[in-house]
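Coordinate inspection notes
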Amino acid sequence: MNTNRLSGKMAEALNQQMTKEAHASQIYLSYAAWADSEGYEGVANFLFRHAQEERNHMMKVLEYILQRGAKVEVTAIPAPPPNPASLNDCFEKVLSHEIDNTNAVYRLVNIAHEEKDWATFNFMQWFVKEQVEEETLAMKLMSKMKIAGGEKAHGDALYMIDKDLSTAPDGVKSAEEATADKP
Ligand code: FEO
C-alpha cells in the first residue's frame, strides 16, 4: 500500500521550502557575522538568534514531509548574498528576504488549496502567521533606522539601535529541541 500522503508536486515544493529556510538561516548567519565584525554586537546577537529560528523552520518542514510518508531531499544550500553595505541596507535586506519567503509560503498554500490537500493547507497556516510576525519585526527595525536618520544615521543613534537589539529576548530554541508544534 502506498503510504505517501503528498503529491509529487507538493513533496517537491515542500522540499524546496525546506532548503529555502536553510538558505534563510545561512543569510542571517552571514549578516550576523558581518554585523559583529562591524562592531554591532547587539545586531549580531539578534541575527544569530534569527539564524537559529530559520533552522528550526527548516526542521519543521522536514519533519512534516517525513510524517506524511514522502521523501526528504537534502540538497546543497545556495551561498548567501554579499554582505550589506550598512546597517540600513542590512535591515532593508532582512525585510526583502522575509517578503520573498512569504511569497514562497503563499505558493505552497496555493498548491495545497488547488490539490485540496487540507492537511498541508493547515500545516502551512503556521508559516503564514509566522511570516506576519517576521515581516512586522523587520518593519520595526526599519522604522527605528528611519527615526535614527536612515542611511545617514551615525554615532549615538546607531549605538542606541545596537544596544536595543542586544537585549532582545532570548526566546529561540535550539534546533534539536524543535518539534512540529514548537519550532
Ligand atoms: Fe522561516 Fe523568516 O521565515
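1. Notes on the overall build of the chain
Helix and strand content of the chain: five helices and zero strands. Starting at the N terminus, the α and β elements of the chain follow one another as α-α-α-α-α. Its C-alpha atoms give the chain a radius of gyration of 18 Å, near enough to 16 Å, the size a compact globule of 183 residues would have. Projected onto the principal axes, the alpha-carbon positions of the chain cover approximately 65 × 30 × 30 Å. Counting contacts in the chain only where the partners sit at least 6 residues apart, residues at least 24 apart contribute 82% of the total. Split by element, the accessible area of the chain, about 10000 Å² in all, is 55% carbon and sulfur. If you average the places of the 19 positive and of the 28 negative side-chain charges in the chain, the two averages end up 5 Å apart.

2. Points about the packing of helix α3 (residues 87-115) against helix α4 (residues 118-148)
Two elements in contact, α3 and α4, have axes whose closest approach is 9 Å; the angle formed by their N-to-C orientations is 165 degrees. Between α3 and α4, the angle is such that the two are roughly antiparallel. Handedness of the crossing formed by α3 with α4: left-handed. A class-by-class count of the residues in the contact of α3 with α4 yields 20 nonpolar, seven polar and four charged.

3. Some remarks on the packing of aromatic side chains
Any two aromatic rings considered together are summarised by their centre-to-centre distance and by the angle between their planes. The tally for this structure, following the rule as stated, stands at five aromatic pairs. Grouped by ring-pair contacts, the aromatic residues Y64, F123, W126 and F127 constitute a single cluster. Stacked on the ring of W126, the Lys or Arg K60 has its end atom at 4.6 Å from the ring centre.

4. Quick look at helix α1 (residues 8-37)
End to end, α1 covers 44 Å across 30 residues, agreeing with the expected 44 Å (1.5 Å per residue, within 8%). At the C-terminal side of α1, G39 shows a positive phi close to 95 degrees.

5. Regarding the pattern of salt bridges
A complete count under the given rule lists six salt bridges for this structure. Where E114 meets K9, a salt bridge forms, and the shortest distance between an N and an O atom there is 3.7 Å. Of this pair, E114 sits in helix α3 while K9 sits in helix α1, placing them 105 residues apart in sequence. Here K129 ties to E133 by a salt bridge, and the two come within 3.8 Å at their closest N and O atoms. One end of the pair is K129 and the other is E133, both in helix α4 and four residues apart, which spans about a single turn.

6. Quick look at the packing of α1 against α4
Axis separation between α1 and α4 bottoms out at 13 Å; the angle between their running directions is 15 degrees. Between α1 and α4, the interaxial angle falls into the category roughly parallel. Of the two possible hands of crossing, α1 and α4 adopt the one that is left-handed. Along its contact with α1, which presents M10, L14 and E21, the element α4 presents T120, F123, M124 and F127. Residue composition of the contact of α1 with α4, by class: five nonpolar, one polar and one charged.

7. Brief notes about unusual backbone geometry
The backbone of K116 shows a phi angle near 55 degrees, a positive value even though the residue is not glycine. The topology assignment puts K116 in the loop between α3 and α4. The exposed category is assigned to K116, whose relative accessible area is 59%.

8. What to know about the confidence of the model for the chain
Taken residue by residue, the chain gives an average pLDDT of 92. The fraction at 70 or more is 91%. Ranking the elements of the chain by mean pLDDT puts helix α5 (residues 155-166) last with 86 and α1 first with 98.

Rules behind the numbers
- The numbering scheme is per chain: residues are counted from 1 as the chain's sequence reads.
- In keeping with the predicted nature of the model, local features appear solely for residues at pLDDT of at least 70, side-chain atom pairs appear and are counted solely at 80 or more, and the whole-chain, interface and lining totals rest on all residues.
- Side-chain figures throughout are based on the complete set of non-hydrogen atoms in the structure, without hydrogens or water.
- The way it works is that DSSP assigns letters per residue, a run of H or I at least four long becomes a helix, a run of E at least two long becomes a strand, and they are numbered from the N terminus.
- Values of the radius of gyration come from C-alpha atoms, whereas the globule rule sets the reference at 2.2 Å times the count of residues to the power 0.38.
- In this analysis, two residues are considered to be in contact whenever any of their non-hydrogen atoms come within 4.5 Å of each other.
- Computed by Shrake-Rupley with a 1.4 Å probe, the accessible areas treat only the displayed protein chains as cover when residues are assessed.
- Note that His is not counted, nor are the chain ends; the positive residues are Lys and Arg, and the negative ones are Asp and Glu.
- The atom standing in for a charge is NZ when the residue is Lys, CZ when it is Arg, CG when it is Asp and CD when it is Glu.
- To define axes, lines are fitted to C-alpha atoms, for helices over the stretch in contact only, and angles between the resulting N-to-C directions are given on a 0 to 180 degree scale.
- The scheme is simple: roughly parallel for angles under 35 degrees, roughly antiparallel for over 145, roughly perpendicular for 65 to 115, oblique for anything else.
- By the definition used in this description, the sense in which the near helix is turned from the far one sets the handedness, with an anticlockwise turn below a right angle giving left-handed and a clockwise turn giving right-handed.
- Side-chain classes follow a simple rule in which Ala, Val, Leu, Ile, Met, Phe, Trp, Tyr, Cys and Pro form the nonpolar group, Asp, Glu, Lys and Arg form the charged group, and the remainder, Gly included, forms the polar group.
- Centres within 6.5 Å make a pair out of two Phe, Tyr or Trp rings, where for Trp the six-membered ring is used; the pair is then stacked when the planes are under 30 degrees apart, edge-to-face when over 60, and tilted otherwise.
- Charges are assigned to positions over rings by a cutoff of 6 Å between ring centre and Lys NZ or Arg CZ, combined with an angular limit of 35 degrees from the ring normal.
- Expected span of a helix, by definition, is 1.5 Å for each gap between consecutive residues, and there is one gap fewer than residues.
- Here, a salt bridge means any side-chain nitrogen of Lys or Arg that lies within 4 Å of a carboxyl oxygen of Asp or Glu.
- With a 1.4 Å probe rolled over the protein chains alone, any residue whose accessible area is under 20% of its type maximum counts as buried; one over 50% counts as exposed, and the rest are partly exposed.
- The quantity known as pLDDT measures the predictor's confidence residue by residue, on a range of 0 to 100.

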